Amino acid sequence: MAKTIIEPFRIKSVEPIRWTTRQERGQLLLSAHYNLFQLPAEDVLIDLLTDSGTGAMSTKQWAAIMVGDESYAGSKSFDHFRDSIQDIFGYRHVIPTHQGRAAERILFSVMCKKDDVVPNNTHFDTTRANVEFVGAEAVDLVIAEGKQPSLVHPFKGNMDVEALENLIQRVGRERIPLVMITVTNNSGGGQPVSMANVRQVSAVCRRHRIPLYFDACRFAENAYFIKLREPGYALKSPKQIAREMFAYGDGCTMSAKKDGLANIGGFLCTNDDLLAQQEKNLLILTEGYPTYGGLAGRDLEAIAVGVQEALEEDYLRYRIASTAYLGTHIAAQGVPIVQPPGGHAIYLDARAFLPHIPPAQFPGVALAAELYLEGGIRSVEIGSLMFGGAAKMDLVRLAIPRRVYTQSHIDYVVEVILEVWKKRDSIQGLKLTYEAPFLRHFTARLEPVEQAVLHAV
Ligand code: F0G
């Protein structure tokens, strides 16, 4: 049988991408102050900034969009949405939101208060910000292996169960309104969490009567990693695996912009009737009526179809193989990446890539800028600019939009990274010239360190 993994779809509609010259990109970088968030998207050739909301919808999703019921209340599209989600997630209440962070805000507003503590394997930045916004503390408890970029381990997203027990002993269960598990662990390299780990965390939570919630953004990719790597799951379907995992929890938040295969949307699920009532009350205040939650009926339809398609085995086999292809081809030439390749993204280890640039000079931002200059590729820094001095790693994330780029696009990305790898010694560090008081990475301005020295003279 042929070994090549092909895209399990053919292309029916195309969107041109635009070449720029190296000189143009140099100018564009200057105007963007070396911050790729500030680039006009049309000046990007291959956009790997995020896998969120950037996927391509299927013919079935577009067809479903046409039957969207835009009724304010009691929309038929809501029934499709709820039924499809319950089929996989199994939770009693399904509350639509405009995206993941809206679900987070509502969940933490209802469940948490000042001085509470919320453990997670690793909080995504909006999740952390929403926990902190209600005055609670967000604690990351990923296993030690999850913090070493080059170390290979099948489930680097796992939570340290002993650390969770210790935390509960130390602060007391009254201060922990919920425990969260993020699948896959985006901030830790898109690494999966094993079913065994979910089962253990769930047992600890049950023993202490603490609800367990999933940050479920990439649940389908996580299910496929369990199928590939965990004994006893090879013959189960991704949907069976997802159902088993969610059954160990009490609810979830979800950004349908990832494994919902939609361009916008999210939801909040819970089995708790009282909480659901409070959540719906808050929803009405800021998102909308509980049968649409800030989304159009057509969006609900796209998500209803998308969450099911994300679990199709042909799709997941291609998805995971294509991300791994990028990772293994650059790693084979010595490029330091977070190992093993994640589900939705490859993370370059910028500190190892550019050892001559200290973290205070933003090696991740410098590397991302160079990838753009070299080949028009947009990536994102996850490191010292995003997290300040608290950053434990300086990573550059190359997130792969779902069903968007083909094998030749990925081959091109490999080539560009290898070109940059060859000239790594000539890349300079950067210095901040402007920063906002919070979430500074979105709007920060930077310039090369050399230039800053010249200015000072
Ligand atoms: N949780 C995780 C693990 C995420 O990766 C994201 C978004 C969210 C929650 C929030 O969802 O964007 O729909 O409000 N991650 C995107 C990214 C933005 O690029 O990784 P949202």
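Residues numbered from 1 in each chain as written. Predicted model: local features only at pLDDT ≥ 70, side-chain atom pairs only at ≥ 80, totals over all residues. Heavy atoms only, no water.

Draft legend 1. Spatial organisation of the overall build of the protein. A count of helices and strands for the protein gives 17 helices and 14 strands. By the compact-globule yardstick of 23 Å for 457 residues, the protein fits well, its C-alpha radius of gyration being 22 Å. Based on the C-alpha atoms only, the size of the protein along its principal axes is roughly 65 × 55 × 45 Å. Relative to its 457 residues, the protein shows a buried fraction of 58%. For the protein, contacts bridging at least 24 residues in sequence account for 72% of all contacts bridging at least 6. (Helix = DSSP H or I, 4+ residues; strand = E, 2+ residues; numbered from the N terminus. Rg over C-alpha atoms; globule rule 2.2 N^0.38 Å. Buried < 20%, exposed > 50% of the residue type's maximum accessible area, 1.4 Å probe, protein only. Contact = heavy atoms within 4.5 Å.)

Draft legend 2. Representation of the sheet that holds strand 5 (residues 179–182). Spatial strand order, 2-8-7-6-5: five strands in an open sheet with mixed pairing. Because the sheet does not close on itself, it has two edges, and the strands there are strand 2 (93–97) and strand 5. Each strand axis lies, on average, 15° off the axis of its neighbour in the sheet, ignoring direction. (Pairing = 2+ DSSP bridges. Axes fitted to C-alpha atoms, helices over the stretch in contact; angles between N-to-C directions.)

Draft legend 3. Fine view of the nonpolar core. Formed by 60 residues in total, the largest nonpolar core has its most connected members in Phe89, Val179, Val201, Phe214, Phe219 and Phe246. If sequence neighbours within four positions are ignored, Val201 has contacts with Met159, Val161, Leu164, Val179, Ile181 and Leu212. In this structure, Leu326, Leu371, Ile417 and Ile427 belong to the second largest nonpolar core, which totals 47 residues. (Core = buried A, V, L, I, M, F, W, Y, C linked by side-chain atoms within 4.5 Å.)

Draft legend 4. Here's a closer look at the sheet that holds strand 11 (residues 380–382). Spatial strand order, 9-12-11: three strands in an open sheet with antiparallel pairing. Both edges of this open sheet fall to strand 9 (345–349) and strand 11, since each of them pairs with a single strand only. Between one strand axis and the next, the sheet turns by 35° as a mean value, whatever way the strands run. Where strand 9 and strand 12 (residues 395–399) come together, five bridges link them in antiparallel fashion. Paired with Tyr347 across the two strands is Arg397, which belongs to strand 12. Packed onto the sheet, helix 12 (residues 313–331) meets strand 9 and strand 12 and runs at close to 25° relative to strand 9. Across the sheet, helix 14 (residues 363–375) touches strand 9, strand 11 and strand 12, and the angle it forms with strand 12 is around 40°.

Draft legend 5. Main features of the pairing of strand 8 (residues 266–270). Where burial is concerned, most of strand 8 is hidden: five out of the five residues are buried. On strand 8, burial covers both faces: Gly266, Leu268 and Thr270 on one face and Phe267 and Cys269 on the other are all buried. As paired strands, strand 2 and strand 8 are joined by five bridges and run antiparallel to one another. Note on strand 8: the bridge partner recorded for Ile95 is Leu268. Both strand 7 (residues 251–255) and strand 8 contribute to a ladder of five bridges, which runs antiparallel. Looking at strand 8, one finds that Ser255 is bridged to Gly266.

Draft legend 6. Geometry of the side chain of Ser52. Tracing the sequence through the fold places Ser52 in the loop between strand 1 (46–47) and helix 2 (59–66). Only 3.1 Å separates the side chain of Ser52 from the side chain of Lys258, close enough to count as a polar contact. Residues in contact with Ser52, not counting those within four places in the same chain, are Ser255, Lys257 and Lys258. (Polar contact = N/O pair within 3.5 Å; in protein donor to acceptor, adjacent residues only side chain to side chain.)

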